[in-house]
Amino acid sequence: MENITSAIRIIPLEHYLFLCLALFSIGVIGVLFRRNTIVILMCIEMMLNSVNLLLTAFSAYRSDSSGQVFVFFIMVVAAAEVAVGLSILVMMKRNVDSIDINLLNKLKD
Amino acid sequence: MAFLFYLLSGIALLSALMVVLSKSPINSVIYLIVCFLAIAGHYILLNAQFLAVVHIIVYTGAIMVVFLFVIMLLNLNKTNEPHKSVLTKFMAVISGGMLFLVLIAAAKGVNEMIVANEFDANIGLVANLGKVLYTDYMIPFEASSVLFLSAMIGAVMLGKKDKK
């Protein structure tokens, strides 16, 4: 146990910050980059996870447990979002027989 | 210990890049599972055992299985996805990189902001987090059950076939 907690003291907080910002930016690039709706959903999951990791890092470095509780709530919201998003995707595939995101541009009219 | 941190970070970043770059969706799911396992390793390094276990169960156990199931159900594993033009991809990478730079510039010097509490190694354990969750965050915890119920009803309503 002592061995594990010593990682917090060795590694500066900025390194966790850089890792999480890089993961978040990769998620943003993925949303802009792909046209496949299911990959876009996966990139959104990745962005949520980078925020989760950053919240946990801040919480561990400050010894404040509220951040980890909020990570738990973000996981709850992500699970609900995936259920609704994937059923929307199934409905889209059934109606227009494609999961190309550009076919949804009728939504803006 | 530092070596472990950099190893896990490298695995997470590489697999995250492969999620974006790989052609077929099923490879994206596999790489995303690898990325999530690396993030679970980070949670263990940060001494947040509860979150590590919940992350493995919820994300790699439930959400990714649902993604895989939908991909296999809809037979999406074809590589005939029409790709965006090269200019759009270039602009996506440029704007993502600029967002990264702006975020780093905004978050510089974050170490001075932190007023450290007294170091406590037990905050990430199940006993402590459960106590906090059931005393301070009781109302949000109950509200999340309503959220789950509405998400379930919404998924069932969306998945129902039209009777015409």
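### Description of the overall build of chain B
Phase 1 of the analysis: A count of helices and strands for chain B gives six helices and zero strands.
Phase 2 of the analysis: Helices and strands in chain B line up, N terminus first, as α-α-α-α-α-α.
Phase 3 of the analysis: Split into buried and exposed, the 164 residues of chain B put 33% on the buried side.
Phase 4 of the analysis: When contacts within chain B are restricted to residue pairs at least 6 apart in sequence, those whose partners lie at least 24 apart make up 59%.
Phase 5 of the analysis: Surface summary for chain B: the accessible area is close to 9,700 Å², and the carbon and sulfur share equals 74%.

### Side note on the interface of chain A and chain B
Phase 1 of the analysis: The interface is formed by 78 residues belonging to chain A together with 83 residues belonging to chain B.
Phase 2 of the analysis: Counting the surface lost from both chain A and chain B, the interface buries some 7,500 Å², and carbon and sulfur atoms represent 77% of this.
Phase 3 of the analysis: Interface area lost by chain A to chain B is led by A:Phe33, A:Met42 and A:Met75, which between them contribute 9%.
Phase 4 of the analysis: At the boundary of chain A and chain B, one finds zero salt bridges.
Phase 5 of the analysis: Counting across the chain A and chain B interface gives seven residue pairs in polar contact (both at pLDDT 80 or more).
Phase 6 of the analysis: Among the elements that take part in the side of chain A that touches chain B, helix H4 (residues 66–96) of chain A stands out by supplying 24 residues, more than any other.
Phase 7 of the analysis: Along the lines of polarity and charge, the residues of the side of chain A that touches chain B split into 52 nonpolar, 16 polar and ten charged.

### Overview of the nonpolar core
Here is a general trend for soluble globular proteins: nonpolar side chains tend to be buried in one another's company.
Phase 1 of the analysis: Grouped together as the largest cluster of nonpolar side chains are 71 residues, with contacts concentrated most on A:Tyr16, A:Ile38, A:Leu86 and B:Phe67.
Phase 2 of the analysis: Going through the elements one at a time, helix H2 (13–33), helix H3 (37–62) and H4 of chain A together with helix H1 (2–21), helix H2 (25–45), helix H3 (49–74) and helix H5 (126–135) of chain B are the ones with two or more residues in this core.
Phase 3 of the analysis: With residues near it in sequence (within four places) discarded, B:Phe67 still touches A:Ile38, A:Leu41, A:Met42, A:Glu45, A:Val82, A:Leu86 and B:Val29.

### Focus: the environment of B:Leu13
Phase 1 of the analysis: Tracing the backbone shows B:Leu13 in helix H1.
Phase 2 of the analysis: The contact partners of B:Leu13, leaving out residues within four places of it in the chain, are A:Leu19, A:Ala22, A:Leu23 and A:Ile26.

### Concerning H5(B)
Phase 1 of the analysis: Within the sequence span of H5(B), burial applies to B:Leu129, B:Val132 and B:Leu133. Axial view of H5(B): buried residues confined to an arc of 100°, hence all on one face. For H5(B), the exposed residues lying more than 90 degrees away from the buried face are B:Ala127, B:Lys131 and B:Thr135.
Phase 2 of the analysis: Looking at the buried side of H5(B), the elements it contacts are H4 of chain A together with H3 and helix H6 (138–159) of chain B.

### Focus: H3(B)
All names here are of chain B.
Phase 1 of the analysis: If you check H3, its first and last C-alpha atoms are 36 Å apart, about what 26 residues at 1.5 Å a residue would give, namely 38 Å.
Phase 2 of the analysis: Met64 marks where H3 bends most, by close to 25°.
Phase 3 of the analysis: Where H3 ends, the next residue or the one after it, Asn75, has phi of about 55°, a positive value.

What counts as what
Here the residue index of a chain counts from 1 through its sequence in written order. All chains are assigned letters beginning with A, and all ligands numbers beginning with 1, in the order in which they are written. In keeping with the model being predicted, local features are shown solely for residues with a pLDDT of at least 70 and side-chain atom pairs are shown and tallied solely at 80 or more, while totals for entire chains, interfaces and linings include all residues. Based on all heavy atoms of the structure, the side-chain values leave hydrogens and waters out of the count. Numbering of helices and strands runs from the N terminus, with a helix taken as a DSSP run of H or I at least four residues long and a strand as a DSSP run of E at least two residues long. Buried means the residue's accessible area, taken with a 1.4 Å probe over protein chains only, is under 20% of the maximum for its type, while exposed means over 50%, and partly exposed covers the values in between. Contacts are residue-level and defined by heavy atoms, with any inter-residue pair within 4.5 Å sufficient. Using a 1.4 Å probe, accessible areas were evaluated by the Shrake-Rupley method; residue-level cover was limited to the displayed protein chains. Two parts placed together each lose some accessible area under a 1.4 Å probe, and adding up what both lose gives the buried area. Between Lys or Arg on one side and Asp or Glu on the other, a salt bridge is scored when a side-chain nitrogen of the former is within 4 Å of a carboxyl oxygen of the latter. Think of a polar contact as two N or O atoms within 3.5 Å of one another; within protein, one of them needs to be a possible hydrogen donor and the other a possible acceptor, and neighboring residues in sequence only count if both atoms come from side chains. Side-chain classes are defined by residue name, with Ala, Val, Leu, Ile, Met, Phe, Trp, Tyr, Cys and Pro counting as nonpolar, Asp, Glu, Lys and Arg as charged, and the others, Gly among them, as polar. To define a nonpolar core, start from buried Ala, Val, Leu, Ile, Met, Phe, Trp, Tyr and Cys residues and group those joined through side-chain atoms within 4.5 Å. Relevant arc is that of directions from the helix axis to the C-beta atoms, nothing else. One fewer than the residue count of a helix, multiplied by 1.5 Å, yields its expected span. Think of it this way: the bend at a residue is just the angle between two axes, each fitted to seven residues, one set ending at that residue and the other starting at it.

Purely geometric stuff here, so don't read any function into it on its own.
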